[in-house]
Amino acid sequence: MMRRTPLIVGNWKMHTTAAEAIVLATAIKGGMEDIHDVDVVICPPFPWLVPIAEALHHRPNHFHL
């Protein structure tokens, strides 16, 4: 039997500035330093996808936008 990797998804329903969204995404990435066996997906508001992707260019393989 194939084991599934747990998945955590955070769908943001907040009104943030680009700077606040980058700070939040960076904090989530920092909190994942010791977590390697769970896939994490963040779903920020559409306008902040590119700024966050650029800020988190070097992110773990199990952290997705």
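This structure is a prediction, so every number in the text was calculated from the model and none was measured.

Colleague: Give a detailed account of the overall build of the protein chain, specifying residues and quantitative values.
Modeller: Looking only at helices and strands, the protein chain features two helices and three strands. Listing each helix as α and each strand as β along the protein chain from the N terminus yields β-α-β-α-β. If you line up the protein chain on its principal axes, its C-alpha atoms span 45 × 20 × 15 Å. For the protein chain, the residues scored as buried account for 23% of the 65 residues in total.

Colleague: Let's hear about the pairing of strand β1 (residues 7–11): which residues, and what values?
Modeller: Looking at chain direction, β1 and strand β2 (residues 39–43) are connected through five bridges and run parallel. The residue bridging V9 from the neighbouring strand is V41, located in β2. After leaving β1, the chain enters helix α1 (residues 18–31) and then returns to the sheet as β2, a path that is right-handed.

Colleague: Pulling in residues and values, what's your account of the nonpolar core?
Modeller: Within the largest apolar cluster, 10 residues are counted, these being W12, A21, A25, M32, V38, V40, I42, I52, L56 and F63. Counting residues per element, the ones that place at least two in this core are α1 and β2. Residues contacting A21, with those up to four places away along its chain left out, are W12, T16, W48 and I52.

Colleague: Requested: an account of the side chain of H62, with residues and values cited.
Modeller: With respect to the helices, strands and loops of the structure, H62 is situated in the loop between α2 (49–55) and β3 (63–64). Residue H62 is classed as buried on the basis of its relative accessible area, which comes to 11%. At 2.7 Å, the side chain of H62 forms a polar contact with the backbone oxygen of I35. What H62 contacts, discounting residues up to four positions off in sequence, is M32, I35, H36, V38, D39 and V40.

Colleague: Could you give me a rundown of the environment of L56, with the residues and numbers involved?
Modeller: Of note, L56 is situated in the loop between α2 and β3. Residue classification places L56 among the buried residues on the basis of a relative accessible area of 2%. When the C-alpha atoms of L56 and T17 are compared, they prove to be 16 Å apart, with 39 residues separating the residues in sequence. Among all residues touching L56, those that are not within four sequence positions of it are A25, T26, K29, I42 and F63.

Conventions used here
- Residues numbered from 1 in each chain as written.
- Predicted model: local features only at pLDDT ≥ 70, side-chain atom pairs only at ≥ 80, totals over all residues.
- Heavy atoms only, no water.
- Helix = DSSP H or I, 4+ residues; strand = E, 2+ residues; numbered from the N terminus.
- Buried < 20%, exposed > 50% of the residue type's maximum accessible area, 1.4 Å probe, protein only.
- Pairing = 2+ DSSP bridges.
- Right-handed = clockwise from strand over helix to strand, strands pointing away.
- Core = buried A, V, L, I, M, F, W, Y, C linked by side-chain atoms within 4.5 Å.
- Contact = heavy atoms within 4.5 Å.
- Polar contact = N/O pair within 3.5 Å; in protein donor to acceptor, adjacent residues only side chain to side chain.

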